[in-house]
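Fold and geometry: a report
Here are the chains, one letter per residue:
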Amino acid sequence: MNQFSDHLSITTPEIPDSPFIHVSVLSQEIIDGLAISPGGHYLDATVGSGGHSRLILGAFPDVRITAIDRDSQAIAAAASNLAEFGPERVRFWQGNFADYPGQKAEFRGIIADLGVSSPQFDLPERGFSFRHEASLDMRMDQTQSLTAAEIINHWSQTALADLFYQYGEERRSRSIAKRIVQQRPFETTTQLAEAIAYSVPPKYRYGRIHPATRVFQALRIAVNEELSSLEKFLDRSPNWLQPGGRIGIISFHSLEDRIVKHHFRDSAILKVITKKPIIPEPEEQSKNPRSRSAKLRFALKNEE
């Protein structure tokens, strides 16, 4: 269920082991691309812990933000980190950004930082990473019923192979799916990662990329309906922009980037600003290795 709050006095859930701290990527590039205006109202569609929103709010004292996230822990962290700006300048809406009930010409600018945040990867109990032993969860919205365990343990071998190939671009999807079906049920991330590793030839087990990486990506996308949500968001969100307003999307893999590129290019009301995606500078990539795959694209709402 979506929960909207015009105030910062939301309940902060208990977050075990680690605070929800996310290092925002391409921060200066987002600010430059938005061309922030005094008095502007902006939408941060994936607020995380509020890094990008803080920079937008800091541009002018009368700028306002509507902040969205599916993750209750992210909403709580952002509420705490942005509390100094007060409810007059920041409001929150918890839910899938594709379902936000936006109004025509509501925002001067819109941003979305796609994918999984650092805390979601680093908190073992969230089940996003095979670096930690945890339940096969992977839900960004922990109120939903579908988990990675449900998919792995109950989908057919053909459905799993198709999923790994389409969403993970995994060339060995059939052999991986076959081994999973033979050995299931699986309860933990590490059990699944080990089974995947032993379903590929030995020379692929110890390469630069762990054999389970693409499968875990595919599972995460499926659990959270990431690509269909992105498609819906990109269909709807340009209508929420004021004429001359800008939308910037940061993606982290080719499937997302392709969707963003095509929606911007094919839109009847948007003009592409970035013919080629903006990528992090070498210094940022060195300081934050997770930024290396980030790509930022901007488009401008046509003047009416």
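Residues numbered from 1 in each chain as written. Predicted model: local features only at pLDDT ≥ 70, side-chain atom pairs only at ≥ 80, totals over all residues. Heavy atoms only, no water.

**Observations concerning unusual backbone geometry**
A cis amide bond links Arg 184 with the next residue in sequence, Pro 185, at an omega value of 15°. Tracing the backbone shows Pro 185 in the loop between α7 (173-183) and α8 (189-197). Phi is positive for Ala 105, which is not a glycine, with a value near 60°. Note on placement: Ala 105 falls in the loop between β4 (90-94) and β5 (107-113). (Helix = DSSP H or I, 4+ residues; strand = E, 2+ residues; numbered from the N terminus.)

**Observations concerning the pattern of salt bridges**
Within this structure, the stated rule accounts for 10 salt bridges. Residue Lys 232 pairs with Asp 99 through a salt bridge whose shortest N-O separation is 2.8 Å. In this pair, Lys 232 is assigned in helix α10 (residues 226-236) and Asp 99 in the loop between β4 and β5, connecting sequence segments 133 residues apart. Of the charged contacts, one joins Asp 266 and Arg 265 as a salt bridge, the two residues approaching to 3.0 Å between their closest N and O atoms. Residue Arg 265 is classed as exposed on the basis of its relative accessible area, which comes to 51%. (Salt bridge = Lys/Arg side-chain N within 4 Å of Asp/Glu carboxyl O. Buried < 20%, exposed > 50% of the residue type's maximum accessible area, 1.4 Å probe, protein only.)

**Comments concerning the nonpolar core**
Within the largest apolar cluster, 29 residues are counted, with the highest numbers of intra-cluster contacts made by Ile 152, Phe 164, Ile 180, Leu 192, Ile 196 and Leu 219. Mapped onto this core, the elements with two or more residues apiece are α5 (148-154), α6 (157-168), α7, α8 and α9 (213-224). Among the elements that take part in this core, α9 stands out by supplying 6 residues, more than any other. Setting aside residues up to four positions removed in sequence, Phe 164 forms contacts with Ile 152, Glu 169, Glu 170, Ser 173, Ile 176, Ala 177, Ile 180, Val 215, Ala 218 and Leu 219. (Core = buried A, V, L, I, M, F, W, Y, C linked by side-chain atoms within 4.5 Å. Contact = heavy atoms within 4.5 Å.)

**Observations regarding the confidence of the model for the chain**
For the chain, the average pLDDT comes to 89, and 90% of its residues sit at 70 or higher. Scored below 50 in pLDDT, residues 1-18 shows 43 contacts in the model against residues more than four places distant or in partner chains. (pLDDT = per-residue confidence, 0-100.)

**Observations regarding the pairing of strand β8 (residues 295-301)**
Moving residue by residue along a regular strand, the side chains alternate between the two faces of the sheet. Of all 7 residues in β8, 5 are buried, a share of seventy percent or more. Where strand β6 (residues 241-251) and β8 come together, 6 bridges link them in antiparallel fashion. Bridge pairing in β8 places Ile 247 opposite Ala 299. Looking at chain direction, strand β7 (residues 270-272) and β8 are connected through 3 bridges and run antiparallel. (Pairing = 2+ DSSP bridges.)

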